[in-house]
Amino acid sequence: MTTADRPWIAVLWMFGATLSFSTMAVGGREATRELDTFELMLFRSLIGVCVVVAAILVFGQRSDFSRDRLGLHGLRNVAHFTGQNLWFFAISLAPMAQVISLEFTSPLWVALLAPVFLGERVNPLRLVAICLGFIGIVIVADPGRLEVTPGVVAAALSAIAFALTTIVTKRLTRTTSTLNILFWLTVMQAIFGLITAGYDGEKALPSDAVLLPVNAVSLAGLSAHFCLTLAVRIAPASFVAPLDFLRLPLIAVVGLVLYGEPFEQAVLLGGAVIVVANLINIRAEPRRQNVT
């Protein structure tokens, strides 16, 4: 694989992550009809532990169970657990396209933090792409009619938590295997879920009605993190993060078809701007490699 091919391989992995995250949104919407977000995270993580341990035993090696860099794993998973709970809470209250629009401020935080924490250089063309992508998000969000509700606030805060997750993931991929990252993701978040799921004095088990959505959330979550981890392993975090913008038009269609959420012209226009921004971002990657 040549240097020039690496960004396009990252694009393919991010496409897989996009499909997985969209599946999570639908599964989360259905599961939170019965479970609170902490309970959903608990069962998601318990299923994930079983899947990841099995994958390591079949495809991995003992080093995938390594306890190296537990501090970074802990930071990553606290950030992700916080962001994911906020995200599921937002998905249960607000229109999907609105939640994803606000979540997509996360790449802006990544672009701002990556030079500080990762030493990545962000060239002017990439900054143009990120800003253009943000303009597309603003068009879709339609801030003139955006109400400040608990769901909106939760979605906005989840973006900051997810940005920190992306930054720490990039740090970990320098020395840590993908399966090891997924192992500690599921183990630590299962522990966090056990601690927090009983905050209301009871832990509900998923009924037959939500068992499929809970499993979908768990498996799609693992798939999303697997794809995202591989993407940031081969390309800079500031390049990978804006590719997730493509999830917005997809989730808008899903919201319309499954939940009757309005599909407005602003979504089409904003989605087109986001696609253009991503094409610029992809073009910027070879230039960045040529000058570094």
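Residues numbered from 1 in each chain as written. Predicted model: local features only at pLDDT ≥ 70, side-chain atom pairs only at ≥ 80, totals over all residues. Heavy atoms only, no water.

## Some thoughts on the packing of aromatic side chains
Scanning the entire structure with this criterion turns up six aromatic pairs. Between Phe38 and Phe81 the ring centres are 6.3 Å apart and the planes differ by 20°, which places this aromatic pair in the stacked class. Placement of the pair is Phe38 in helix 2 (residues 37-59) and Phe81 in helix 3 (residues 70-93), with a sequence separation of 43 residues. Assessed through its relative accessible area of 8%, Phe81 is described here as buried. Ring geometry for Trp87 versus Phe88: centroids 5.3 Å apart, planes at 65°, classification edge-to-face. The exposure class assigned to Phe88 is buried, which follows from its relative accessible area of 0%. Taken together, the aromatic side chains of Phe38, Phe81 and Phe192 make up a single cluster linked through ring pairs. Directly above the ring of Tyr259 sits Arg29, whose terminal nitrogen or CZ lies 4.6 Å from the centroid. (Phe/Tyr/Trp six-rings, centres within 6.5 Å; stacked < 30°, edge-to-face > 60°. Helix = DSSP H or I, 4+ residues; strand = E, 2+ residues; numbered from the N terminus. Buried < 20%, exposed > 50% of the residue type's maximum accessible area, 1.4 Å probe, protein only. Lys NZ or Arg CZ within 6 Å of the ring centre and 35° of its normal.)

## Comments concerning the pattern of salt bridges
Per the stated rule, a full pass over the model turns up three salt bridges. Close ionic contact of Glu261 with Arg29 constitutes a salt bridge, the shortest N to O distance being 2.9 Å. In this pair, Glu261 sits in the loop between helix 11 (247-259) and helix 12 (265-291) while Arg29 sits in helix 1 (residues 6-31), placing the two residues 232 residues apart along the sequence. Its relative accessible area of 11% is what places Arg29 among the buried residues. Between Arg33 and Glu30 there is a salt bridge, with its nearest N and O atoms 3.2 Å apart. Exposure remark for Arg33: the relative accessible area of 57% places this residue in the exposed category. (Salt bridge = Lys/Arg side-chain N within 4 Å of Asp/Glu carboxyl O.)

## What about the packing of helix 8 (residues 178-196) against helix 9 (residues 208-234)?
Where helix 8 meets helix 9, the axes come as close as 10 Å, and the angle between the chain directions of the two elements is 140°. Between helix 8 and helix 9, the angle falls in the class oblique. The crossing of helix 8 and helix 9 is right-handed. Residue-level contacts link Thr178, Ile181, Leu182, Leu185 and Thr186 of helix 8 to Leu222, His225, Phe226, Thr229, Leu230 and Arg233 of helix 9. (Axes fitted to C-alpha atoms, helices over the stretch in contact; angles between N-to-C directions. Parallel < 35°, antiparallel > 145°, perpendicular 65-115°, else oblique. Left-handed = near helix turned anticlockwise from the far one by under 90°. Contact = heavy atoms within 4.5 Å.)

## Examining the nonpolar core
Counting 49 residues, the largest nonpolar core has Met14, Trp87, Phe88, Val99, Val240, Leu248 and Ile251 as the members making the most contacts within it. The biggest single contributor to this core is helix 9, with nine residues. For Phe88, the contacting residues outside a window of four places in its chain are Met24, Gly28, Thr32, Thr37, Leu40, Met41, Arg44 and Val217. Counting residues in hydrophobic clusters, the runner-up holds ten residues, among them Val52, Leu179, Leu182 and Leu185. (Core = buried A, V, L, I, M, F, W, Y, C linked by side-chain atoms within 4.5 Å.)

## With respect to the confidence of the model for the chain
In this model, the chain carries an average pLDDT of 83, and 89% of its residues clear a pLDDT of 70 or more. When the elements of the chain are averaged for pLDDT, helix 12 gives the smallest value, 68, and helix 3 the largest, 93. Contacts for the low-pLDDT stretch residues 287-292, under 50 throughout, to residues beyond four places or in other chains number nine contacts. (pLDDT = per-residue confidence, 0-100.)

## Overview of the side chain of Ser22
Position of Ser22 relative to the elements: it lies in helix 1. Beyond its immediate chain neighbours, meaning those up to four positions away, Ser22 contacts Arg247, Leu250 and Ile251.

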